[in-house]
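Given next are the chains, with one letter for each unit.
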Amino acid sequence: MFAEASLSIWGWGGLGVVLFLITFGPFAIFYLAFYILCFIGGGFVMLLLFGKINSEKHLERCEHSYLPSTQMAILKVLEEMKSESKPIKIDRRLTGSSIIDEPLQQVIQFALRDYIQYWYYTLSDDETFLLEIRQTVQNALVEFSTRSKEVDWQPYFTTRLVDDFATHLRVFRKAQEKLNEREDPKQRDAPDELLDSFFEAEVEMERKICRDVVCTSRKEEEGYLRDLCEVLLYLLLPHGDFHNKNMRYFLREVLARGVLLPLINQLSDPDYINQFIIWMIRDSSCNYEAFLNILKLTDKVAELEAVKDKVLEELQYLRSLDTGADDINFIKNQINSLLFVKKVCETRIQRLQSGKEVDALKLAANFGKLCVIPLEHILVHNIALQFFMDYMQPMGGQAILFFWLTVEGYRVTAQQQLEVLQSSQRDGKKQSSQTTKDLLRAAALGIYDQYLSEKASPRVQVDEASVTRLAQKLSKEDPTPEIFDEIQKKVYDMMLRDERFYPSFKQHPLYVRMLAELDMLKEPSFRGSDDGDGESFNGSPTGSINLSLDDLSSGSVDESAQLHAFISDTGVCNDHGKTYALYTITVIRKNSDGSEDVWKTYRRYSDFHDFHMRITQQFESLGPILKLPGKKTFNNMDREFLEKRKKDLNAYLQLLLNPEMVKACPVLIPYVYDFLENKAYSKGKGDFARKVPPLITKSDIDPEHCRVSAQLDDNVDDNIPLRVMLLLMDEVFDLKERNQWLRRNIKNLLQQLIKATYGDTINRKIVDHVDYMTSPEQVSDFVKRFRDSYWPNGILAETPPRRDKSLRMRTRVAAKTTLLGIMPDELKHIIGADTTRKGILRVFDMFQHQPLNRRLACVFLEGFLETLFPQYKFPELFIKLHSRSPRVLRYSQKLRSLHKR
């Protein structure tokens with residue numbers, strides 16, 4: 001039954017399918033499936049719409065049932081939004097000075113118009129944003145003006161600014177010296193090598209700072225300026241404005257990329273600096289001699305080519321002129337001058353391209369006769385005397401030279417002292433003649449003991465009869481200015497006629513270098529006739545040297561000598577009711593020639609303490625090694641205590657003079673010599689110490705690894721502007737290369753030259769000039785010049801096209817010529833013509849490297865901010881910003897490795 005039923009179902013099913021296919025066709029099955037899917041989809045859509053409508057009705061019922069009505073609040077907000085906003089009132093007062101505020105307001109208006117409004121109006125017509133920006137800028141300017149008025153700008157402009165420039169120059173000079181030590185000339189001339197040497201020298205000086213990344217990478221520089229501007233906005237903006245991120249970021253970008261970066265780009269452009277130099281010295285006339293010197297000294301072929309092209313252009317123009325009889329001679333003279341310049345350029349280009357550079361000193365030494373300078377003029381001329389000293393030292397004649405100079409100084413000083421004594425007696429003033437005579441006798445005996453006595457080392461070799469007569473005069477007669485004349489004349493004749501001295505000096509390369517410094521090396525074609533005696537020379541009165549009595553004991557420091565010292569005695573002194581202990585130090589110096597010098601000097605404990613503080617501050621590594629006995633407030637004059645302190649101070653001296661200590665720290669030797677020298681120890685507080693520098697001053701001791709201002713004595717506050725200017729001149733002209741005795745006299749002569757020009761009020765004049773430059777009238781003038789240069793006639797100036805290379809090269813030559821032409825002849829007479837040229841050209845070369853100029857601009861900006869915000873930790877911030885340099889990390893690792901050793 002089950003089988004029959006199943007068969008009937010399959011039969012009827014198959015019959016139905018066959019009939020379906022016969023009736024509707026073979027594709028009917030697909031239509032059926034499509035109809036079924038449409039039915040199901042339509043039902044799903046209807047269900048979804050029904051559910052959505054019912055859900056919205058339900059939510060609406062819930063909202064009206066449970067939430068309070070907000071219709072009144074919404075209406076109130078809409079009403080306030082539609083109401084007109086209150087106008088922002090702009091206070092036009094910025095600095096409190098109307099003559100400054102007026103041009104400054106114009107600058108703000110022009111800046112907003114040309115840098116913000118032109119794009120803002122494409123987004124919105126609402127003025128509120130622009131007014132808010134202007135109000136924020138004015139608030140920052142008001143805060144800046146208020147802080148500026150609270151700052152004393154004189155120390156910044158007279159000390160910090162000059163120190164930053166001089167230190168930058170010192171680093172550049174050290175970089176040049178490192179390059180010159182390299183044998184490969186290609187490395188010496190490569191700009192990248194100079195930059196590497198410069199920033200390596202900066203790390204050695206600053207230790208924790210190197211600005212190489214900021215100055216050589218545009219991305220890093222922008223990041224540095226952004227960080228700096230954000231700090232400035234924090235200090236200048238109101239609290240609410242600063243915490244408005246949109247406003248803060250907007251102002252930061254405008255200040256960093258719209259103000260500071262373009263300003264640094266322009267100020268660091270060498271071509272702009274050269275144009276500025278010419279503009280600053282535009283009143284000085286062009287010096288033809290300086291121009292030819294620049295052409296003969298330059299090592300840039302591009303400069304010579306540019307000048308030559310301009311000369312050819314001028315020649316073509318002059319030859320095309322139709323001139324009358326009156327102008328023909330003038331035109332011919334101009335053409336001849338231009339042809340001569342063209343010849344100079346071509347000759348110099350040929351030498352540079354061939355690589356056959358001629359040493360002018362060797363050429364002069366091997367060509368015919370040289371100018372003859374008499375010995376009497378050499379001895380009284382500052383520059384000539386330096387080279388003669390350098391020559392006499394290896395020849396064994398330095399002792400007789402110093403004897404002659406010392407006697408000359410004694411004569412001048414003795415005459416002055418006796419004239420003062422006679423003048424006082426004529427005026428009826430009471431002045432002890434015996435005191436003056438005792439002073440002169442002590443000075444004369446000092447000269448005799450140092451140079452002529454049997455214990456003198458080295459001893460001046462003259463006939464014994466003359467020495468005996470002098471000794472008798474010193475013991476029986478009152479000293480006179482002429483007491484040494486007989487022996488001094490014999491010493492002069494010895495230097496003049498002995499073949500080892502003056503005759504051989506005239507054939508020595510040092511004599512040729514001396515002529516170069518005196519600007520007396522002439523071209524061969526301009527030399528005198530062969531039958532003459534050569535050119536004579538008359539020493540300049542500005543080069544004369546006068547020694548005081550306090551200079552008579554000065555001698556040169558022989559750092560190769562062995563020094564021994566010990567405290568031989570202790571005493572108690574009373575000075576105007578003040579009691580103190582005085583220690584007698586016996587000093588023994590064993591010279592390299594086997595001779596010994598012995599002297600005694602006297603020091604207080606406070607002198608030891610001051611000396612210890614100086615050397616431990618200068619050399620930090622000595623702090624843990626050298627231990628000075630401590631102070632004692634009560635019973636410090638007790639005999640037992642003094643003996644114990646004497647023992648401790650002796651141990652301190654022995655450790656200080658230990659050969660291992662000297663070997664480990666050789667730059668400490670000049671400090672020790674200065675402390676143990678037979679003279680009053682100067683802490684820099686007395687007037688005499690300021691007027692007469694010691695044999696070796698603080699500025700003479702290892703100054704290469706510190707800032708220039710570190711050479712100033714911290715205990716002396718007067719004459720700072722003048723002293724900083726003298727330090728700058730010292731750095732520009734590299735006077736440290738001179739021997740110390742002569743270098744001191746050069747500084748004194750420079751100071752006398754400045755005082756002769758400006759009088760004793762030179763410091764007051766410097767300060768007054770700074771006051772004038774920072775006065776409201778001058779600040780207003782600066783703002784007006786800035787406005788007129790950026791917006792001439794109220795219109796933003798177009799960016800000038802980059803000048804072609806030929807024009808930039810001619811500007812370089814013109815700037816160097818202008819700088820060299822303004823140097824006064826008095827300065828050349830004091831420090832030498834060749835030294836003057838080298839110093840000026842070194843300063844010029846420093847400005848021809850844009851990354852180095854960017855570094856100098858950053859240093860000036862950082863110094864300005866440190867002065868403007870002294871209460872904030874800007875120095876620490878700059879260390880953090882610049883310590884990310886790889887050079888700083890390498891230098892720190894190097895120091896750590898050295899300490900581990």
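These figures come from a predicted structure and were not determined experimentally.

Trainee: Sorry if this is basic, but what is going on with the overall build of the protein here?
Mentor: When helices and strands are counted, the protein shows 40 helices and three strands. Taken across its 901 residues, the protein has 40% of its residues classed as buried. Here the contacts in the protein between residues at least 6 apart in sequence split such that 72% fall between residues at least 24 apart. Of the roughly 52900 Å² of accessible surface on the protein, 56% is carried by carbon and sulfur atoms.

Trainee: Would you take a moment to explain the confidence of the model for the protein for this structure?
Mentor: Low pLDDT means the predicted atomic positions in that stretch should not be read closely. Of the residues in the protein, 76% have a pLDDT of 70 or more, and the chain-wide mean is 77. The low-confidence segment residues 523–559, where pLDDT is below 50, has 72 contacts with residues more than four positions distant or belonging to other chains. Taken as a whole, residues 714–718 scores under 50 in pLDDT and shows 10 contacts with residues more than four places along the chain or in a different chain.

Trainee: Mind showing me how you'd approach the environment of glutamine 850 here?
Mentor: With respect to the helices and strands, glutamine 850 occurs in helix 38 (residues 850–868). Here glutamine 850 falls in the partly exposed class, since its relative accessible area comes to 32%. On a C-alpha basis, the gap between glutamine 850 and threonine 216 in space is 9.2 Å, while along the polypeptide they are 634 residues apart. Among all residues touching glutamine 850, those that are not within four sequence positions of it are Asn265, Ser268, Asp269 and Pro270.

Trainee: I would appreciate a short explanation of the environment of methionine 494 in the present structure.
Mentor: With respect to the secondary-structure elements, methionine 494 resides in helix 23 (residues 485–497). Remark: the alpha-carbon pair of methionine 494 and glycine 397, spanning 97 residues in sequence, is separated by 9.8 Å. Not counting residues up to four positions away in its chain, the partners in contact with methionine 494 are Ile400, Gln461, Val462 and Phe501.

Trainee: Is there a simple way to think about the packing of aromatic side chains in this case?
Mentor: Each aromatic ring pair is specified by the distance between its two centres and by the angle formed by the two planes. Under the definition given, this model contains 31 aromatic pairs. When the centroid spacing of 6.5 Å and the interplanar angle of 90° are considered together, the rings of tyrosine 583 and phenylalanine 608 count as edge-to-face. Remark: phenylalanine 608 occurs in helix 26 (residues 605–618) and tyrosine 583 occurs in strand 2 (residues 578–590); sequence separation between them is 25 residues. We classify tyrosine 583 as buried; its relative accessible area is 0%. Taken together, the aromatic side chains of Trp119, Tyr120, Tyr121, Phe129 and Phe250 make up a single cluster linked through ring pairs. Taking the ring centre of phenylalanine 675 as reference, the NZ or CZ of arginine 603 above it sits at 5.4 Å.

Trainee: Quick question: what am I supposed to make of helix 15 (residues 301–319) here?
Mentor: Owing to its 3.6 residues per turn, the α-helix brings residues three or four apart onto one side. Taking 1.5 Å of rise per residue, 19 residues should cover 27 Å, and helix 15 covers 27 Å from first to last C-alpha, within 8% of that figure. The elements touched by buried residues of helix 15 are helix 14 (288–297), helix 16 (328–354) and helix 35 (805–821).

Trainee: How do you make sense of unusual backbone geometry when you look at a structure like this?
Mentor: One can expect most non-glycine residues to show negative phi and most peptide bonds to be in trans. In this structure, the amide linkage connecting serine 457 to the following residue, proline 458, adopts the cis form with an omega of -5°. With respect to the helices, strands and loops of the structure, proline 458 is situated in the loop between helix 21 (433–452) and helix 22 (464–476). At arginine 207, a residue that is not glycine, the phi angle is positive and equals roughly 70°. Here arginine 207 shows up in the loop between helix 8 (191–206) and helix 9 (212–216). For arginine 207, a relative accessible area of 44% corresponds to the partly exposed category. Positive phi is not limited to glycine here, since asparagine 793 has a value of about 60°. Mapped onto the elements, asparagine 793 comes out in the loop between helix 34 (776–790) and helix 35.

Trainee: Would you mind going over the side chain of glutamine 848 with me for this structure?
Mentor: Note on placement: glutamine 848 falls in the loop between helix 37 (833–846) and helix 38. Note on glutamine 848: relative accessible area 14%, which makes it buried. When near neighbours in sequence (up to four residues on either side) are disregarded, glutamine 848 contacts Pro270, Asn274 and Arg812.

Trainee: What's the story with the packing of helix 10 (residues 218–236) against helix 38 in this structure? I'm lost.
Mentor: When two helices pack together, their arrangement is captured by the angle between the axes and the distance separating the axes. For the pair helix 10 and helix 38, the least separation of the axes is 13 Å and the interaxial angle reads 10°. Taken as axis vectors, helix 10 and helix 38 run roughly parallel relative to one another. Across from Glu221, Tyr224, Leu228 and Leu232 in helix 10, the residues of helix 38 making contact are Arg854, Cys858, Leu861, Glu862 and Leu865. Class assignment of the residues belonging to the contact of helix 10 with helix 38 gives a composition of six nonpolar, no polar and three charged.

Trainee: It is not clear to me how the nonpolar core should be interpreted in this structure. Could you clarify?
Mentor: Ranked by size, the top nonpolar core spans 59 residues in total, and within it Leu295, Val307, Val341 and Phe733 carry the most contacts. Excluding anything up to four places from it in sequence, valine 307 contacts Phe291, Leu295, Val341, Cys345, Arg810 and Val813. Residues Leu379, Tyr391, Val462 and Tyr511 belong to the second largest nonpolar core, which totals 51 residues.

Trainee: What's the story with the pattern of salt bridges in this structure? I'm lost.
Mentor: Between side chains of opposite charge, a pair can form as their charged atoms come close. Per the counting criterion, the structure on display carries 43 salt bridges. Residue arginine 226 is joined to glutamate 222 by a salt bridge in which the shortest nitrogen-to-oxygen separation is 3.8 Å. Here arginine 226 pairs with glutamate 222, and both are found in helix 10, just four residues apart, close to one helical turn. In this structure, the salt-bridge partner of lysine 644 is aspartate 648, at a minimum N-O distance of 3.2 Å. Within this pair, lysine 644 and its partner aspartate 648 are both found in helix 27 (residues 639–656), separated by four residues, close to a single helical turn. Connected through salt bridges with shared partners, the residues Arg218, Glu222, Arg226, Glu230, Arg248, Arg252, Glu253 and Arg257 form a single ionic network.

Trainee: In this structure, what is going on with a nonpolar patch on the surface? I would like to understand it.
Mentor: On the surface, a nonpolar cluster with roughly 1200 Å² of combined accessible area is contributed by Phe27, Ile29, Phe30, Tyr31, Leu32, Phe34, Tyr35, Ile36, Phe39 and Ile40. Take phenylalanine 34: it is sitting in helix 2 (residues 28–66).

Conventions adopted
- Residues numbered from 1 in each chain as written.
- Predicted model: local features only at pLDDT ≥ 70, side-chain atom pairs only at ≥ 80, totals over all residues.
- Heavy atoms only, no water.
- Helix = DSSP H or I, 4+ residues; strand = E, 2+ residues; numbered from the N terminus.
- Buried < 20%, exposed > 50% of the residue type's maximum accessible area, 1.4 Å probe, protein only.
- Contact = heavy atoms within 4.5 Å.
- Areas by Shrake-Rupley, 256 points an atom, 1.4 Å probe, with all protein chains shown as cover.
- pLDDT = per-residue confidence, 0-100.
- Phe/Tyr/Trp six-rings, centres within 6.5 Å; stacked < 30°, edge-to-face > 60°.
- Lys NZ or Arg CZ within 6 Å of the ring centre and 35° of its normal.
- Expected span 1.5 Å × (residues − 1).
- Axes fitted to C-alpha atoms, helices over the stretch in contact; angles between N-to-C directions.
- Parallel < 35°, antiparallel > 145°, perpendicular 65-115°, else oblique.
- Nonpolar A, V, L, I, M, F, W, Y, C, P; charged D, E, K, R; others polar.
- Core = buried A, V, L, I, M, F, W, Y, C linked by side-chain atoms within 4.5 Å.
- Salt bridge = Lys/Arg side-chain N within 4 Å of Asp/Glu carboxyl O.
- Patch = residues over 30% accessible without salt bridge, like charges linked within 9 Å, V, L, I, M, F, W, Y side chains within 5 Å.

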